[in-house]
Number of protein chains: 2
Amino acid sequence: MEINPVKGTHDIIGDEAEMYSFYEYDCRLMAELFGYKEIRTPIIEHTPLFLRSVGESSDIVTKEMYTFDDKGGRSLTLRPELTAGVMRSIVSNKLHANADLPLKYFYCGPCFRYERPQAGRYRQFHQFGVETVGVSSYLSDVEVIILGKRILESLGIDKVKVLINSLGDEESREAYRKALKEYFAKHIDKMCGDCKRRFEINPLRILDCKVPEDQEFIAGAPKMKDYLSDAAKLYMDNVEEALRKAGIDFEVDDNLVRGLDYYTGVVFEYHMEDDDIGAIGAGGHYKNLLKEVGGPDLEGVGLSFGLERLHYVFTKYHEERPQSGPDFYLMPMNDEAVDLAFSLADILRSNGFAAEMNYEPKSFKSSFKIAERKRSKFAIIIGEDEIAKKQITVKNLKTQEQSSVNTDDMLMVLRSMLEEYIQAQNVEEAEVK
Amino acid sequence: MEINPVKGTHDIIGDEAEMYSFYEYDCRLMAELFGYKEIRTPIIEHTPLFLRSVGESSDIVTKEMYTFDDKGGRSLTLRPELTAGVMRSIVSNKLHANADLPLKYFYCGPCFRYERPQAGRYRQFHQFGVETVGVSSYLSDVEVIILGKRILESLGIDKVKVLINSLGDEESREAYRKALKEYFAKHIDKMCGDCKRRFEINPLRILDCKVPEDQEFIAGAPKMKDYLSDAAKLYMDNVEEALRKAGIDFEVDDNLVRGLDYYTGVVFEYHMEDDDIGAIGAGGHYKNLLKEVGGPDLEGVGLSFGLERLHYVFTKYHEERPQSGPDFYLMPMNDEAVDLAFSLADILRSNGFAAEMNYEPKSFKSSFKIAERKRSKFAIIIGEDEIAKKQITVKNLKTQEQSSVNTDDMLMVLRSMLEEYIQAQNVEEAEVK
């Protein structure tokens, strides 16, 4: 039997899973401070949702979707991103009709794209993101850009530059599309098959092409900024000014288009200042997306981070954070002690302490080795002597100090020992800094 | 376009999502106190994994799996449960070779079964669970049963009874299987098609049959308990005694078999005492599962809760817990105030306060209505007067007390106001109890 995970998927285990939970917790907390509420949409959606939202000309839809028929003959797709599902959910649940606008939701969960697996790229990957829907002010765009920056800062990822660009309003895009079509008409015969298709459906997508031979044609193409309408220019100016006021470093990048069809207006990406590892997060404004999936005419702006990408950046630029272990490791030295240890472990856990134990008697030496590997703070030894005296022997595994504790006062004494341990650890960490 | 979620899936939004996060947080915390580490396995797995683990005779495999071919021609399945993936992950990552046994992992995430949708049953549902692998003592079984009970208790779900049964060891099962086969041979002609198939592959599964016409034959079938070997009986006795010592109420239920082929030995379910809503959590011991998916010969025991089921029980038996809202709702009264409010919101959020605002000036009346609907603790009013005096007006939305605060001391004053608010709220809640 094939014992490996499906190609392009990965297991996240133990200490690494703890890191992912830490990123998620941090992202959630920050989004909540910004007034976002959680939304959880299903992993499977009707396929047409993504054709209508992500777009029929996007690489995602044309090449990368996990699409299949269920037993009832419905065409289902594993979501390649989360924004489309959030929009669908707003419409299905009429959320726009039952709450004050803008709606503000955050999400966190797995997405699926059938991409060529490569370093840091997975077919099942995980996104955290937010959507603000029913936007009436450029300040919502700015707020989302700030939120992304604050999330990274709170993770200690601070050497970040924000790239922004405007894809313009409909008027600007129509003018630009026309200019691109005219320009590429002269070159499209020599360009790749994908570009020929893009030329028909959405010439803007040609700018995303990665085929080396096509780059010379793309380099000479007209630039969006020369086709922005006055309204689109003013909007972008307002966004830039508000970002400056908020102290957000940013650069305007003409070449920034996003790989999803639904973006209009302001788009943005977060990059590391001195490291060309690509975007660690990105987002943008969308004017027509909600309407496109059957909802009312409300504009929105969203942002998403890839957790795999955050993990890559975090572990590259930071000392590993201290990993957790149990508070107490119980070491019964004989069979009678095993039963006692089992009862004590239950009492400790019921009182909020993390406790682990040997399920069968082991030697001192191997017991201490296990406790150490599990990063336990204390060892609790229970042997013949201890049982006779109704005591336990408690050893601080950092200082190696050891003392006897009556089982009757156990909870109180262990609690104060643990507090002391944590205090000493905090002092030590403060000294290191 | 179809704007509903896929049949049998559901959106979890806002306050309800907050409840799910609360259950997950509680389950995680309790599992961590018991020494479990997190494991996250992919949602898609190679189909044979589930044939080998969940079992070719189970309803899940024969009727309920979302199975499809990916673009590379691999047969993939959306996991119908999480234990199989955890076992596969242990083998792929050789976790058994690199850590002390037993391995202890908890998991949390979506599963998929193509079932007939009905109240509280979804095609995408969510499970939290644990697996202990490399078990050398019945105490691991007991520990898992206790953990489930403690999780429910910590959620305030305490009128719970635990049902347990033993499916016996291989010797017992072989004897029992033979007895069943002999017994059903006389009746199988009159039984349903599923049962005819089960009779060939795994006669034990016949006991799961829900077809009314088959029940008379099933009622007269031999009972597992009469075929338990001495070793299996002793093991079950030990488990029962340890549960009694730990103060866990339980009943032995002869008819308890689980719908998964991999269980052997002790199996258990959690039910509400006075409510026949079915199992809210369940688990059991498995002897051969890890070996079956290509790993070493290690026994395990696991447990899982359905989050949808927990949510059903929690909301049925508990007052809704207080739902969160922002700490401060900023109400700018003119355009200049909008910019100021936007800056103040950023400062508040950067200092750990949850802040929300109007993005455009609105009347007092409608602003306060929004703040109330959002359950904000305080309103912050910024108008012409306030800007002139470099002040903000802060109103406690519970007591209706109002005061002016200089923007320079804002953080300090707001922090102490919020602390007072929370203290008053705690006192109030304590009085209610």
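Residues numbered from 1 in each chain as written. Chains lettered and ligands numbered in written order. Predicted model: local features only at pLDDT ≥ 70, side-chain atom pairs only at ≥ 80, totals over all residues. Heavy atoms only, no water.

Some points on the packing of helix α5 (residues 138–154) of chain B against helix α9 (residues 230–245) of chain B
A pair of packed helices is characterised by two quantities: the angle between their axes and the separation of those axes.
All names here are of chain B.
Consideration 1: It is at 9 Å that the axes of α5 and α9 come closest, and there the two elements cross at 45°. As judged from the angle between their axes, α5 and α9 are oblique. In the packing of α5 onto α9, the handedness of the crossing is right-handed. Each of Tyr138, Leu139, Asp141, Val142 and Ile145 in α5 lies in contact with α9, whose residues at this interface are Tyr235, Asn238, Val239, Ala242 and Leu243.
Consideration 2: Considered class by class, the residues forming the contact of α5 with α9 number eight nonpolar, one polar and one charged. (Axes fitted to C-alpha atoms, helices over the stretch in contact; angles between N-to-C directions. Helix = DSSP H or I, 4+ residues; strand = E, 2+ residues; numbered from the N terminus. Parallel < 35°, antiparallel > 145°, perpendicular 65-115°, else oblique. Left-handed = near helix turned anticlockwise from the far one by under 90°. Contact = heavy atoms within 4.5 Å. Nonpolar A, V, L, I, M, F, W, Y, C, P; charged D, E, K, R; others polar.)

A short note on the interface of chain A and chain B
Consideration 1: With 93 residues of chain A in contact, the opposing surface of chain B contributes 93 residues.
Consideration 2: Put simply, chain A and chain B have 50 residue pairs in polar contact (both at pLDDT 80 or more) between them.
Consideration 3: When residues in the side of chain A that touches chain B are grouped by element, the largest group, nine residues, is from helix α1 (residues 15–33) of chain A.
Consideration 4: Across the side of chain A that touches chain B, the residue classes break down as 41 nonpolar, 20 polar and 32 charged.
Consideration 5: Bridge analysis of strand β1 (residues 12–13) of chain A against strand β2 (residues 37–40) of chain B gives two bridges, and the strand direction is antiparallel. Directly across from Ile13 of chain A, in β2 of chain B, lies its bridge partner Ile39 of chain B. (Polar contact = N/O pair within 3.5 Å; in protein donor to acceptor, adjacent residues only side chain to side chain. Pairing = 2+ DSSP bridges.)

Re a negative patch on the surface
Consideration 1: A cluster of like negative charges, contributed by Asp158, Asp249, Glu251, Glu273 and Asp274 of chain A, occupies part of the molecular surface.
Consideration 2: As for its placement among the helices and strands, Asp274 of chain A is situated in the loop between β10 (266–272) and β11 (281–286). (Patch = residues over 30% accessible without salt bridge, like charges linked within 9 Å, V, L, I, M, F, W, Y side chains within 5 Å. Areas by Shrake-Rupley, 256 points an atom, 1.4 Å probe, with all protein chains shown as cover. Salt bridge = Lys/Arg side-chain N within 4 Å of Asp/Glu carboxyl O. Lys, Arg positive; Asp, Glu negative; His and termini not counted. Charge placed at Lys NZ, Arg CZ, Asp CG, Glu CD.)

Let's talk about the sheet that holds strand β5 (residues 75–78) of chain B
All names here are of chain B.
Consideration 1: Taken together, the three strands give an open sheet; going across it, the order is β3-β5-β4, and neighbouring strands pair in antiparallel fashion. Of all the strands in the sheet, the pair left with one neighbour each is β3 (44–46) and β4 (66–69). The sheet shows a mean angle of 35° between the axes of neighbouring strands, direction not considered.
Consideration 2: Where β3 and β5 come together, three bridges link them in antiparallel fashion. Residue His46 lies in a different strand from β5, and its bridge partner there is Leu76.

Description of α5 of chain B
Residue and element names in this part refer to chain B.
Consideration 1: Along its 17 residues, α5 runs 24 Å from first to last C-alpha, staying within 8% of the 24 Å computed at 1.5 Å per residue.
Consideration 2: For α5, the buried fraction is high: 14 of the 17 residues fall into the buried class.
Consideration 3: N-capping of α5 is provided by Ser137, with a side-chain oxygen placed 2.9 Å from the backbone N of Leu139.
Consideration 4: Within two residues after α5, Gly156 carries a phi angle of roughly 80°, on the positive side. (Expected span 1.5 Å × (residues − 1). Buried < 20%, exposed > 50% of the residue type's maximum accessible area, 1.4 Å probe, protein only.)

Observations regarding the domain arrangement of chain A
Consideration 1: Split into domains, chain A comes out as domain 1 (14–169 + 229–317) and domain 2 (328–432).
Consideration 2: On a C-alpha basis, the centroid separation for the pair domain 1 of chain A and domain 2 of chain A is 46 Å. (Domains from an automatic or database assignment.)

Section: the relation of the copies chain A and chain B
Consideration 1: Once chain A has been moved 0.0 Å along the axis and rotated by 180°, it coincides with chain B to within an RMSD of 0.1 Å. In the structure described here, the two chain copies are related by an operation that fits a two-fold rotation axis. Taking C-alpha positions as reference, the residue of chain A nearest the rotation axis is Phe68 of chain A, located at 3.1 Å.
Consideration 2: Counting the interface residues of chain A, we find that 100% of their copies in chain B are interface residues as well, pointing to one common contact surface. (Least-squares fit on C-alpha atoms with pLDDT ≥ 70 in both.)

Topic: the packing of aromatic side chains
Here the distance between the centres and the angle between the planes together describe a pair of aromatic rings.
Residue and element names in this part refer to chain B.
Consideration 1: This model, assessed by the stated rule, comprises 39 aromatic pairs over all chains.
Consideration 2: A ring pair is formed by Tyr66 and Phe112, whose centres lie 6.4 Å apart and whose planes are at 80°; its orientation type is edge-to-face. With a gap of 46 residues between them, Tyr66 in strand β4 and Phe112 in strand β6 (residues 103–112) connect regions that are remote in the sequence. Both residues of the pair, Tyr66 and Phe112, count as buried.
Consideration 3: Aromatic pair Phe328 and Phe353: ring centres 5.7 Å apart, planes at 75°, arrangement edge-to-face. One end of the pair, Phe328, is in strand β13 (residues 328–332); the other, Phe353, is in the loop between α12 (335–350) and β14 (355–357), and 25 residues separate them in sequence.
Consideration 4: Lying across the ring of Tyr114, Arg123 places its NZ or CZ 3.9 Å from the centre. (Phe/Tyr/Trp six-rings, centres within 6.5 Å; stacked < 30°, edge-to-face > 60°. Lys NZ or Arg CZ within 6 Å of the ring centre and 35° of its normal.)

Some thoughts on the packing of α1 of chain A against helix α11 (residues 307–317) of chain A
All names here are of chain A.
Consideration 1: Taken N-terminus to C-terminus, the directions of α1 and α11 make an angle of 105°; their axes are 10 Å apart at the nearest point. As the angle between them shows, α1 and α11 are arranged roughly perpendicular. Here α1 contributes Glu16, Met19, Tyr20, Phe22, Tyr23, Glu24 and Cys27 to the contact with α11, which in turn contributes Leu307, Glu308, Leu310, His311, Phe314 and Thr315.
Consideration 2: A per-class count over the contact of α1 with α11 returns eight nonpolar, two polar and three charged.

Points about α11 of chain A
Consideration 1: For α11 of chain A, the full list of buried residues reads Leu307, Glu308, Arg309, Leu310, His311, Val313 and Phe314 of chain A.
Consideration 2: Packed against the buried residues of α11 of chain A are α1, β6 (103–112), β7 (124–133), α5 (138–154), β10 and β12 (300–306) of chain A.

Regarding the pattern of salt bridges
Side-chain pairing between opposite charges can occur once the charged atoms of the two side chains come close.
Consideration 1: For the structure on display, the rule yields 59 salt bridges over all chains.
Consideration 2: The salt bridge involving Glu18 of chain A is made with Lys37 of chain B; its shortest N-O contact spans 3.8 Å. Residue Glu18 of chain A is found in helix α1, and its partner Lys37 of chain B is found in strand β2; the two belong to separate chains.
Consideration 3: Residue classification places Lys37 of chain B among the partly exposed positions, given a relative accessible area of 24%.
Consideration 4: Between Arg52 of chain A and Glu292 of chain A there is a salt bridge, and its shortest N-O distance comes to 3.4 Å. With Arg52 of chain A in helix α2 (residues 47–55) and Glu292 of chain A in helix α10 (residues 289–292), this residue pair connects regions lying 240 residues apart in the sequence.
Consideration 5: Among the residues examined, Arg52 of chain A registers a relative accessible area of 38% and is labelled partly exposed.
Consideration 6: Since its relative accessible area comes to 33%, Glu292 of chain A is described here as partly exposed.
Consideration 7: Connected via shared salt-bridge partners are Lys104 and Glu143 of chain A together with Arg349, Glu356 and Lys374 of chain B.

Side note on the nonpolar core
Consideration 1: With 73 residues, the main nonpolar core has Leu330 of chain A together with Tyr270 of chain B as its most contacted residues.
Consideration 2: Leu330 of chain A has contacts with Ala341, Leu344, Ala345, Leu348, Ala355, Glu356, Met357, Asn358, Ile380 and Ile382 of chain A, leaving out every residue within four places of it along the chain.
Consideration 3: Counting residues in hydrophobic clusters, the runner-up holds 72 residues, among them Tyr20 and Ile277 of chain A together with Leu330 and Val394 of chain B. (Core = buried A, V, L, I, M, F, W, Y, C linked by side-chain atoms within 4.5 Å.)

Here's the deal with the sheet that holds strand β1 (residues 12–13) of chain B
Consideration 1: Ordered in space as β9(A)-β8(A)-β10(A)-β11(A)-β12(A)-β7(A)-β6(A)-β2(A)-β1(B), the nine strands form an open sheet in which the pairing is mixed. With one partner strand each, in any of the chains shown, β9 (250–252) of chain A together with β1 of chain B form the two edges of the open sheet.
Consideration 2: Examined bridge by bridge, β10 of chain A and β11 of chain A share four bridges and lie antiparallel to one another. Bridge pairing in β11 of chain A links Phe268 of chain A to Gly283 of chain A.

Let's talk about the pairing of strand β4 (residues 66–69) of chain A
All names here are of chain A.
Consideration 1: Burial along β4 is one-sided: the residues Tyr66 and Phe68 are buried and none of Thr67 and Asp69 is.
Consideration 2: By the bridge criterion, four bridges tie β4 to strand β5 (residues 75–78) in an arrangement that is antiparallel. Looking across to β5, one finds that Asp69 is bridged to Ser75.
Consideration 3: The turn linking β4 back onto β5 is made up of five residues, and Gly73 within it adopts a positive phi angle of 80°.

What about the pairing of strand β16 (residues 391–396) of chain A?
Residue and element names in this part refer to chain A.
Consideration 1: Buried residues dominate β16, accounting for six of its six residues.
Consideration 2: Of the two faces of β16, the one lined by Gln391, Thr393 and Lys395 and the one lined by Ile392, Val394 and Asn396 are each fully buried.
Consideration 3: Bridge count for strand β15 (residues 378–382) against β16 is four bridges, and the pairing is antiparallel. What sits directly across from Ile380, in β16, is Val394.
Consideration 4: The sheet contact formed by β16 and strand β17 (residues 402–406) spans five bridges and is antiparallel. Paired with Thr393 across the two strands is Ser404, which belongs to β17.

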